[in-house]
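Coordinates in review
If you want the building blocks of each chain, they are given just below.
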Amino acid sequence: MNPVQAPYPATRLRRTRATPAVRALVRENALDPGDLIWPVFVRAGEGIEEPVPSMPGVMRRSVDKVVEAAAEAHALGLRAICIFPYTGIEERTEDCAGAWDPKNHANRAIAAVKAKFPDMAVMSDVALDTYNINGHDGFVEDGIIVNDRTVEALVKMALAQAENGCDIIGPSDMMDGRIGAIRTALEGAGHQDVMILSYAAKYASAFYGPFRDAVGASGALTGDKNTYQMDPANSDEALRLVARDLSEGADMVMVKPGLPYLDICRRVKDTFGAPTFAYQVSGEFAMIKAAAQNGWIDEEKVMLESLMAFKRAGCDGVLTYFAPAVARLMNG
Ligand SMILES: NCc1[nH]cc(CCC(=O)O)c1CC(=O)O
């Protein structure tokens with residue numbers, strides 16, 4: 001871009017900021033409930049809604065309550081939700097077999113929401129961490145997170161989700177080769193229209209702490225995820241990962257976390273022009289909530305400003321725990 005402008009006073013940039021009407025005319029970006037994907041936690045049981053302490057206002061819900069929550073979201077104009085399973089330590093195993101059980105509670109939630117709201121886009125989580133006794137996204141053999149055997153499991157997991165009506169498969173595991181393997185398997189099983197939103201540039205981030213509480217992984221995790229998630233110091237590597245995932249058949253790509261990584265969002269959007277999403281993760285959410293609870297910031301304003309920042313950085317959409325709150329504000 002090469003802006004041309006006359007010297008002051010012919011140019012007074014405050015002219016186009018003077019009134020709400022003019023500001024609305026020149027506004028470059030807009031936030032819409034249609035841009036948002038709402039992450040929801042599902043757990044075993046019935047009639048259960050249990051708060052996640054490190055994420056004020058966020059619940060773990062049994063399948064029936066997830067359907068009720070989806071109904072509320074739908075009424076607010078939200079059309080996309082993402083289902084994450086919470087599992088207790090007793091539900092976790094070393095072979096992670098629960099992950100591809102077609103009747104696990106995540107899959108039952110996917111099917112139940114699709115049955116009630118066929119017009120909603122339902123996204124899944126593909127990774128072994130919530131089924132793994134050691135909290136890792138892949139199988140652990142002799143202390144090593146193994147790649148190729150994990151990819152085989154992820155394929156089974158994705159197929160079970162597609163069979164249950166999932167619209168958007170969300171591999172969050174960061175193994176190599178999983179996008180191509182999942183895409184081939186989906187084609188082979190007649191799920192050619194099922195999308196893949198790849199967590200392409202996912203960083204090894206301390207901002208995931210409250211999520212790991214939410215899904216029951218905090219106590220379980222041994223070591224860290226640095227051998228598969230990205231080094232926060234890297235930016236070019238993010239482009240290589242996005243290029244790789246797009247070339248393997250990802251329909252959409254994600255950068256994660258969100259706000260501290262907006263430079264990556266912008267580079268990805270400018271380089272590839274593909275549908276680009278960011279995940280405003282649990283730690284980002286918790287920081288805003290905590291500061292607001294202390295009366296230090298205005299929650300609504302910061303929430304809207306943070307989400308607009310994603311749009312400005314080139315994101316087409318955002319996964320955010322604020323989705324219902326934003327939609328409620330926009331409707332009201
Ligand atoms: N498969 C793991 C997964 N999927 C989504 C998140 C984080 C989401 C959040 O923090 O809100 C994580 C955490 C991790 O990689 O340890």
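None of these values were measured; they are calculated from a predicted model.

1. Focus on empty space enclosed by the protein
In the structure shown here, the tally under the stated rule is two cavities of 30 Å³ or more. In this model, the largest cavity occupies a volume close to 140 Å³. Every residue lining the largest cavity is counted, 17 residues in all, and those nearest its centre are Asp129, Lys202, Tyr208, Phe211 and Lys256. Looking at the lining of the largest cavity, the elements that each hand over two or more residues are strand E9 (195–202) and helix H6 (209–214). Looking at the lining of the largest cavity residue by residue, the classes come out as seven nonpolar, three polar and seven charged. Of the volumes computed, that of the second largest cavity is approximately 60 Å³.

2. Regarding the site of the ligand
Neighbouring residues of the ligand: 17 residues in total, closest Arg212, Lys225, Lys256, Ser282 and Tyr321. In the environment of the ligand, a nitrogen atom lies 3.2 Å from a nitrogen or oxygen atom belonging to the side chain of aspartate 129. Contacts to the ligand include lysine 225, whose side-chain N or O atom sits 2.7 Å from an oxygen atom. The fraction of the free accessible surface of the ligand (400 Å²) that becomes covered by protein chains is 100%. Taken together, the residues of the shell around the ligand break down into seven nonpolar, three polar and seven charged.

3. Quick notes on the confidence of the model for the chain
Scored by pLDDT, the chain has a mean of 96; 100% of the residues are at 70 or more. At the level of individual helices and strands, the chain shows its lowest average pLDDT in H6, which scores 88, and its highest in strand E8 (residues 168–169), which scores 99. Per the prediction output, this complex has pTM 0.97; the corresponding ipTM is 0.96.

4. Observations concerning the layout of surface pockets
Its volume calculated, the largest pocket comes out at about 360 Å³. Contributing to the lining of the largest pocket are 22 residues, with Trp38, Gly57, Arg61, Tyr321 and Pro324 lying nearest its centre. Sorting the residues of the lining of the largest pocket by element identifies strand E1 (36–43), strand E3 (59–62), helix H2 (63–75), helix H9 (282–293) and helix H11 (323–331) as the ones contributing at least two each. Ranked by residues supplied to the lining of the largest pocket, first place goes to H2 with four residues. A breakdown of the residues in the lining of the largest pocket according to their chemical character gives 14 nonpolar, one polar and seven charged. What the second largest pocket holds in volume is close to 240 Å³. Around the second largest pocket, the lining is made up of 14 residues, and of these Met174, Asp176, Thr227, Tyr228 and Gln229 lie nearest the centre. Ranked by the residues each element gives to the lining of the second largest pocket, the list is headed by helix H7 (residues 236–247), at three residues. When its residues are assigned to classes, the lining of the second largest pocket shows six nonpolar, four polar and four charged.

5. Quick word on the pairing of E1
The buried count for E1 comes to eight of eight residues, which makes it a mostly enclosed element. Along E1, one buried face is formed by Leu36, Trp38, Val40 and Val42 and the opposite face, lined by Ile37, Pro39, Phe41 and Arg43, is buried too. Sheet topology note: the E1/strand E12 (residues 317–320) ladder contains two bridges and is parallel. Looking at E12, one finds that leucine 36 is bridged to valine 318. Relative to E3, E1 is paired through three bridges, and the arrangement is parallel. Looking across to E3, one finds that phenylalanine 41 is bridged to arginine 60.

6. Describing the side chain of glutamine 280
Looking at the secondary structure, you find glutamine 280 in strand E11 (residues 276–280). Among the residues examined, glutamine 280 registers a relative accessible area of 1% and is labelled buried. A distance of 3.0 Å separates a polar atom in the side chain of glutamine 280 from a polar atom in the side chain of serine 306. Excluding its chain neighbours within four sequence positions, the residues that come into contact with glutamine 280 are Ile288, Ser306, Leu307, Phe310, Val318, Leu319, Thr320, Tyr321 and Phe322.

7. As for the packing of helix H10 (residues 299–312) against H11
Contact geometry of H10 with H11 gives a least axis separation of 11 Å together with a crossing angle of 100°. Overall, the two elements H10 and H11 adopt an arrangement that is roughly perpendicular. Of the residues in H11, those in contact with Glu300, Met303, Leu304 and Leu307 of H10 are Ala325, Val326 and Leu329. Classifying every residue of the contact of H10 with H11 by side-chain character gives six nonpolar, no polar and one charged.

Parameters and conventions
Residues numbered from 1 in each chain as written. Predicted model: local features only at pLDDT ≥ 70, side-chain atom pairs only at ≥ 80, totals over all residues. Heavy atoms only, no water. 1 Å grid on protein atoms, 1.4 Å probe; cavity = no way out; pocket = protein on both sides within 12 Å on 5 of 7 lines; lining within 4 Å. Points joined across faces, edges and corners; volume = space filled by probe spheres on them. Helix = DSSP H or I, 4+ residues; strand = E, 2+ residues; numbered from the N terminus. Nonpolar A, V, L, I, M, F, W, Y, C, P; charged D, E, K, R; others polar. Near = heavy atom within 4 Å. Polar contact = N/O pair within 3.5 Å; in protein donor to acceptor, adjacent residues only side chain to side chain. Areas by Shrake-Rupley, 256 points an atom, 1.4 Å probe, with all protein chains shown as cover. pLDDT = per-residue confidence, 0-100. Buried < 20%, exposed > 50% of the residue type's maximum accessible area, 1.4 Å probe, protein only. Pairing = 2+ DSSP bridges. Contact = heavy atoms within 4.5 Å. Axes fitted to C-alpha atoms, helices over the stretch in contact; angles between N-to-C directions. Parallel < 35°, antiparallel > 145°, perpendicular 65-115°, else oblique.

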